[in-house]
Amino acid sequence: MPTNFTVVPVEDVEDSSSSSGATAGANKPASLGRIFANAEDANHLQEPPSGDDNHKESSPFINSNSDREPYYEGKNMALFEEEIDSTPMVASLLNKLANYTNLTQGVREHEEAEDGVRRVAVMVPQMGTFIGVYLPCMQNILGVILFLRLTWIVGTAGILGSFAIVSMCCICTLLTAISMSAIATNGVVPAGGSYYMISRSLGPEFGGAVGLCLYLGTTFAGSLYILGTIEILLTYIVPTAIVFKENNSEAMHNNMRVYGTCCLVLMALVVFVGVKYVNKLALVFLSCVVLSIMATYAGVIKTLIEPPDFNVCLLGNRSLRNENFETCAKTDTIKNTTIPTELWSLFCSGQYSYNETCDEYFTLNNLTEIRAIPGLLSGVIKDNLWGDYGPAGTVIEKQKQSSVAAQVPSEEKNMNYLFNDITTYFTLLVGIYFPSVTGIMAGSNRSGDLRDAQRSIPIGTILAILTTSFIYISFVVLFGACIEGVVLRDKFGYSVKKNPVIGILAWPSPWVIVIGSFFSCCGAGLQSLTGAPRLLQAIARDGIIPFLQVFGHGKANGEPTWALLLTVGICEIGILIASLDDVAPILSMFFLMCYLFVNLACAVQTLLRTPNWRPRFKFYHWTLSFLGMSLCLSLMFVSSWYYALVAVVIAGCIYKYIEYRGAVKEWGDGIRGLSLNAARYALIRLEEAPPHTKNWRPQVLVLCKLDSDLQVKHPRLLSFTTQLKAGKGLTIVCSVLEGTYMTRGNDAKAGEQSLKSAMAAERTKGFSHVVVSSNLRDGFSILIQSAGLGGMKHNAVLMAWPAGWKQAQDSSARRNFIETVRETTAAHQALMVAKNIDHFPGNQERLKEGTIDVWWIVHDGGLLMLLPFLLSQHKVWRKCQMRIFTVAQMDDNSIQMKKDLQMFLYHLRLDAVVEVVEMHDSDISLLTLYTMTNFSKHYTDLNSVGAAPDRVHMTWTKEKLINERNKQREGMGVKDINQSNVRRMHTAVKLNEVVVKKSHNSQLVLLNMPGPPKNKKGDENYMEFLEVLMEGLDRVLLVRGGGREVITIYS
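Model, not experiment: these values are computed from the prediction. (Residues numbered from 1 in each chain as written. Predicted model: local features only at pLDDT ≥ 70, side-chain atom pairs only at ≥ 80, totals over all residues. Heavy atoms only, no water.)

A.B. asks: Tell me about the packing of helix 13 (residues 249–273) against helix 24 (residues 561–577), and please be specific about residues and values.
C.D. replies: Here helix 13 crosses helix 24 at 160°, and the two axes come no closer than 10 Å. The angle between helix 13 and helix 24 falls in the class roughly antiparallel. As for how helix 13 packs across helix 24, the hand of that crossing is right-handed. Across the interface between the two elements, M256, R257, G260, T261, L264, A268, V271 and F272 from helix 13 touch T561, L564, V568, C571, E572, I575, L576 and I577 from helix 24. (Axes fitted to C-alpha atoms, helices over the stretch in contact; angles between N-to-C directions. Helix = DSSP H or I, 4+ residues; strand = E, 2+ residues; numbered from the N terminus. Parallel < 35°, antiparallel > 145°, perpendicular 65-115°, else oblique. Left-handed = near helix turned anticlockwise from the far one by under 90°. Contact = heavy atoms within 4.5 Å.)

Here you go:
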């Protein structure tokens, strides 16, 4: 029968009256928006009255008498009204998704708070690809290294070497951008950028470690930009402003420290006052970069027409600093008179004296003046193809220029030449150059401000990388083709009147580069000081690193004040280094670490093929991510292996700290998926064959009991498990609740949380599980049969001795215990029963001395000897000595048994004291008979006479015993005494006497646990045997093997 649905218009009507219930029955339907807006009222109306728990089940459909009738009247979705209570309608869900905004407390909200006016409650992002991604990436990639070091890198490494450096770094960032694009388009990326992507893809441990590395990299980037700003200021703009006047590198470093610190404080104040000023100046800074690049290209074109009028003075083949002289000649002719030049006075002892003694190299070689920029068609590109590396202090020389070497070099005149200020080699240049290609995360960091982040981030980032790569590669070729080699190797431009080398190439003036690079470095430094504190604040607010939580707070408008202070402090460390060349490799390490894990995240997600991995960006492959990851790792160790090790150690320490102390986060990360895949693979492999004896270790199922408050009754059971396992192997902590899961489901979850809390408190690593069963016996049976998975199943059961079984009203405790023993035996699993478990030492205790006594009565696989060894590995039992006792009968050779046992322990590599105890056959004592007949009634009295057996023999005669036994049979119907039970009790009594005598002061006694009787009528006698066997001992562990060898003498 077809069903007709009527489509009605839905309106959001605001009705402030209280008569909604009366009007709900009208023909005009209420809107879904209003229904969901009043969800709390609806839930309140849907609550059943007290005492009527089954009301909801008894009336699953619309009830005309229900209070909810007005709520659903007129609705055509009544069939799903139960689902509507907890899940939204599709229309409501789509409406929420349409109005979704991923804006967080970003820069724009801070600006609004600073203005004192919140302009809009929710502002829809409007930035597109060009403004939101492409330009920010361009601004961050093109920076200080381009203007201050690229010409020096080309001159030192040559065109081919520089091309290799630029290509490796650009390919690295391109592959990283491809991986980042795949991650960024796999769902909505809230504001948080790369940290958010890495942490949600690789988990909190990797996310926190890489997030802090990215934070440190961004902070040291601020140091790099500030040092670049000060270098431009003191070298090219106001060189007379130096504080330390000495003409050496250390004085220059001190000047950098003083001015750098002042600049850092000034920038920090600007950031503290308000980031809106930084954002408003961003366009100005970007314009400076663009104009500088355009001026450089214009200068290259101009060299085709007319090369710039900058010359270099060479003495022989050595380049000279020309800021102290104007004429590149030894003498000058004025009015037909030859006089020495200013250059003469630099190499000769007298001032303008022709007859004074001069430097030998100055005397032997002529002065030559060449063009600093021969031009694009000059052919100088052939001379600049190959590198010219050298140690620190090497004079910069023109390779094909002839010269005459001096016999005795003059050290005091060397300050006039140009030198390598640092030792140069290929890998160093890689580390110095790499910061110039960082900044590819600028677009993803602004994901909260983009109109369509999933489209803009891949296109904008990759286009920016391709554009900047073209700029860098073209500059490498053009610099090598236009500029003389000795000028390229002049890092600070001392040979061209202290102008930046790229500046003398630019058109129309070097000041375009000087001013442009100065403002570019200022802007980049401000952006670093703006972005780094917010990144730290995001990490702190995630709560994964406890000691960073203080940095999650800030001003009332959300500005990260405390994070800014820490950033300034770390940035000052980089400034105190005072060398751009030394800070750049540090910066490279942290960014390479970040890029490495971006590639790793993409590769892991791709290989796992998780259902949620559906990126819109399709031009990726796991091989590209793996190649990018390998390239990042290679560049780290190529540029500076010791910095790379430091970065890896820092990231590793943060990872382990988060793993042990950090907050537990479930972000659906790829590492968890990788762990699941690895676990599945390992479990399948473990199923193929049972473990060898050499690999056997106790995989323990711990049967815990919960009290009425669902708290662990014997937490020391978990402590003992920790001491026994030392964090190795499988541990499953379980408990059973009586009832049905429908009624006690919440109790089961609460009990499982209680088990987890107790395990955490006792440092027990493993799994917890609580089952609900109709009775405890079935619950324990289910756990013993089904706990674990595949090859990771338990092979031993640990439980506490039921101390109150005699005082219990019913016999359930006794039956449950004995059935557990029977089932573990049938399942071929070992069993360990701890008596007085609450007296066992905790994990914080240290036993200074004592022994662990093993009473080896029967051989059941060697578990009795393995357990003390495992315990001795833990710091609680480490100082306890192991003793092994065995029992000899009348026809045994005690001396030979001791020798054989010592040899056996020697082959087992166990250190233990061996002792053989002789037990002679004797008549069954009256104590044994009395214990058999009157155990339950007089057990308490026997405890007092157990210490003086002679007194028992004097008090109880055979006649009295027979009379008492007859009374018991007639009055209470106690079970008959059979000969087998008498022998068992005799063994228990005699063995207990020996054990108490030898081991009453030991820290722990391990005993073979006898098997239960096959006839269930003897269950009570069995419990009595065990009680007598353990009487007078404090800490006892009854051990029953699983029927297989667990220890071997073979390697």
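Next comes the rest of the account.
A.B. asks: I'd like a description of the sheet that holds strand 11 (residues 851–856), backed by residues and values.
C.D. replies: The strand order 8-7-6-9-10-15-14-11-12-13 describes an open sheet built from 10 strands, whose pairing is mixed. On the outer flanks of this sheet lie strand 8 (767–773) and strand 13 (913–918), each paired with one strand and no other. Recorded for the sheet is a direction-independent mean angle of 20° between the axes of neighbouring strands. Along the sheet face, helix 33 (residues 863–872) touches strand 10 (830–835), strand 11, strand 12 (881–888), strand 14 (1004–1008) and strand 15 (1036–1040) and points at about 170° away from the line of strand 11. (Pairing = 2+ DSSP bridges.)

A.B. asks: I'd like a description of helix 24, backed by residues and values.
C.D. replies: Along its 17 residues, helix 24 runs 25 Å from first to last C-alpha, staying within 8% of the 24 Å computed at 1.5 Å per residue. What helix 24 keeps buried is the set T561, A563, L564, T567, V568, I570, C571, E572, G574 and I575. Just downstream of helix 24 lies A578, where phi reads positive at about 65°. (Expected span 1.5 Å × (residues − 1). Buried < 20%, exposed > 50% of the residue type's maximum accessible area, 1.4 Å probe, protein only.)

A.B. asks: Give a description of the packing of aromatic side chains that names residues and reports values.
C.D. replies: Taken as a whole and assessed by the stated rule, the structure comprises 24 aromatic pairs. Relative to Y642, the ring of W641 has its centre 5.5 Å away and its plane inclined at 85°; by these criteria the two rings are edge-to-face. Residue W641 is classed as exposed on the basis of its relative accessible area, which comes to 53%. Residue Y642 is classed as partly exposed on the basis of its relative accessible area of 43%. Taken together through their ring pairs, the aromatic side chains of W344, F347, Y361, F362 and Y417 make up a single cluster. For the cation-ring pair, R318 lies above Y417, with the distance from its terminal atom to the ring centre recorded as 4.9 Å. Above the face of the Y494 ring, R321 is positioned so that its terminal group lies 4.0 Å from the ring centre. (Phe/Tyr/Trp six-rings, centres within 6.5 Å; stacked < 30°, edge-to-face > 60°. Lys NZ or Arg CZ within 6 Å of the ring centre and 35° of its normal.)

A.B. asks: Tell me about the pattern of salt bridges, residues and numbers included.
C.D. replies: What the rule picks out here adds up to 20 salt bridges. The salt bridge involving R149 is made with E231; its shortest N-O contact spans 3.0 Å. Taken together, the residues R149 in the loop between helix 10 (144–148) and helix 11 (150–184) and E231 in helix 12 (residues 193–237) connect sequence positions 82 residues apart. Overall, E231 belongs to the buried group, its relative accessible area being 4%. Sharing partners across several salt bridges, the network here consists of R149, E231, D421, K491 and D581. (Salt bridge = Lys/Arg side-chain N within 4 Å of Asp/Glu carboxyl O.)

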